[in-house]
Amino acid sequence: MLLQKTLMKNVALAPVRAACIAITLGVGGISAQAADYTGPLFDAHLHYNLEAWDGQTGPHPPADVLARMQQSGVRAIVANSRPKDGTQLLASSPLTRQAGVAVVPFIRLYRNRADYDSWFKDETIFTMVQAEFAKGTPGGGAYKGIGEFHLYDSANANGPVAKKLMAFAEEKDLAVLAHVDGSAIDLLMANTPSKGQKAKLIWAHTGISGVPAERVDALLAQYPLLMGELSYRPGLTCSAAPGAPRCSYPARRRRPRRETGCGWCPPG
């Protein structure tokens, strides 16, 4: 079953696997197993962006965000924020520890919205990632990944900075959180030293514009450490009895997701 392969494929990415399971079970009660699950959740895709809290004001100060996590049973998060301040705040805040929430910090590539469309060719992005990785988080913890980033044209996976970042991530044993289509997965993997055999790539939403389930299955088989993150991704987890047709996944327009700053808010 594709769901099992998506979630359980790689023991080397146990935290990510847990994250995918958590998101699958936490969004909408897709199956009987999901409806019965009452354990802790690991949110593998959370943005704590400027619109939510700018360090001084905003609709979702840290105490509010952490209270929501506690109410929802979230006990760990992959934090990646625009700009990086939101991730650093959650990673270093005493409130986070008091709430019992573990933060897995990623270096997001976006300093502002303009970076969405140019990061793959902007050398200052690569310089920033290197500097942030060397520095670590304010609490002294190491960054565990890079992303989320978007590619609305898969050819940009061959941009000069995209190539450098994929090689850097594999060299430093960092996971990559990428919101891309299936063609871009192949291109990104080809830009790693191992040609994708050692690259840890978390496929955000398991695609963009509705990659067919069969294509997802083939890519999971091809790349040992590729994982599918299932938030906002119907069509991969709701097949019924054996022989039943797969669920359809409606195509989405290729446009940036309007981020609200909270990982549980639907895309706009």
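In every chain, residue numbers begin from 1 and rise along the written sequence. A pLDDT threshold of at least 70 governs which residues receive local features in this predicted model, and a stricter bar of 80 or more applies before side-chain atom pairs are shown or counted, although totals over entire chains, interfaces and linings include all residues. Processing note: side-chain calculations cover all non-hydrogen atoms of the structure and skip hydrogens and water entirely.

### Let's talk about the overall build of the protein chain
When its secondary structure is counted, the protein chain shows ten helices and seven strands. Note on areas: these come from Shrake-Rupley sampling with a 1.4 Å probe, and a residue is covered only by the protein chains present in the view. Of the roughly 11700 Å² of accessible surface on the protein chain, 56% is carried by carbon and sulfur atoms. Secondary structure is summarised from DSSP: a helix means a run of H or I of at least four residues, a strand means a run of E of at least two, and numbering begins at the N terminus for each.

### A look at the pattern of salt bridges
Basic side-chain nitrogens of Lys or Arg form a salt bridge, by our definition, when they fall within 4 Å of a carboxyl oxygen of Asp or Glu. For the coordinates displayed, the defined rule picks out twelve salt bridges. Residue R111 pairs with D115 through a salt bridge whose shortest N-O separation is 3.0 Å. A salt bridge links D173 to K200; the shortest N-O distance between them is 3.0 Å. Within this pair, whereas D173 is found in the loop between α8 (160–171) and β5 (175–179), its partner K200 is found in the loop between α9 (182–190) and β6 (201–203), the two being separated by 27 residues in sequence. Here's how the labels work: a residue is buried when its accessible area is under 20% of the maximum for its type, exposed when over 50%, partly exposed in between, all with a 1.4 Å probe on protein chains only. Taking the relative accessible area as the measure of exposure, K200 reaches 19% and is therefore buried. The network of salt bridges with common partners includes E51, R82 and R113.

### Considerations on the confidence of the model for the protein chain
On a scale of 0 to 100, pLDDT captures the predictor's confidence in every residue. For the protein chain, per-residue confidence averages 78 on the pLDDT scale, and residues scoring 70 or more make up 73% of the total. Summarising per-element confidence for the protein chain, the mean pLDDT is lowest in helix α1 (residues 2–8) (33) and highest in α8 (98). Residue contacts are defined here by distance: any two heavy atoms, one from each residue, within 4.5 Å place the two residues in contact. Scored below 50 in pLDDT, residues 1–34 makes 67 contacts in the model with residues more than four places away or belonging to other chains. Segment residues 244–268 is flagged for pLDDT under 50; beyond a separation of four residues in sequence, or across chains, it makes 61 contacts in the model.

### A closer look at the packing of aromatic side chains
Planes of paired rings set the category: under 30 degrees apart is stacked, over 60 is edge-to-face and the rest tilted, where pairs are Phe, Tyr or Trp rings (Trp by its six-membered ring) whose centres lie within 6.5 Å. Considering all chains together, one arrives at five aromatic pairs under this definition. Consider the rings of Y110 and Y116, whose centres lie 4.1 Å apart with planes at 20 degrees: the pair is stacked. Here Y110 and Y116 have matching classes, each one buried. With a centroid separation of 5.8 Å and an interplanar angle of 80 degrees, the aromatic rings of W119 and F120 are classed as edge-to-face. Just as W119 is buried, F120 falls in that class too. Site record: aromatic cluster; members linked through ring pairs are W119, F120 and F149.

### Observations regarding the nonpolar core
Remark: nonpolar core denotes a set of buried residues (Ala, Val, Leu, Ile, Met, Phe, Trp, Tyr, Cys) joined through side-chain atoms within 4.5 Å. One finds W119, F149 and L201 to be the most contacted residues of the largest nonpolar core, which totals 40 residues. Per-element accounting of this core gives the leading share, six residues, to α8. Not counting residues up to four positions away in its chain, the partners in contact with W119 are L109, Y110, I125, F149, H150, L151, V161, A162 and L165. Of all hydrophobic cores here, the second largest spans 14 residues; its members include L46, Y48, A52 and I77.

### Concerning the environment of T96
Along the chain, T96 turns up in helix α6 (residues 94–99). On the basis of relative accessible area, T96 is assigned to the buried category, the value being 3%. Along the backbone, T96 and R75 are 21 residues apart, and their C-alpha atoms lie at a distance of 10.0 Å.

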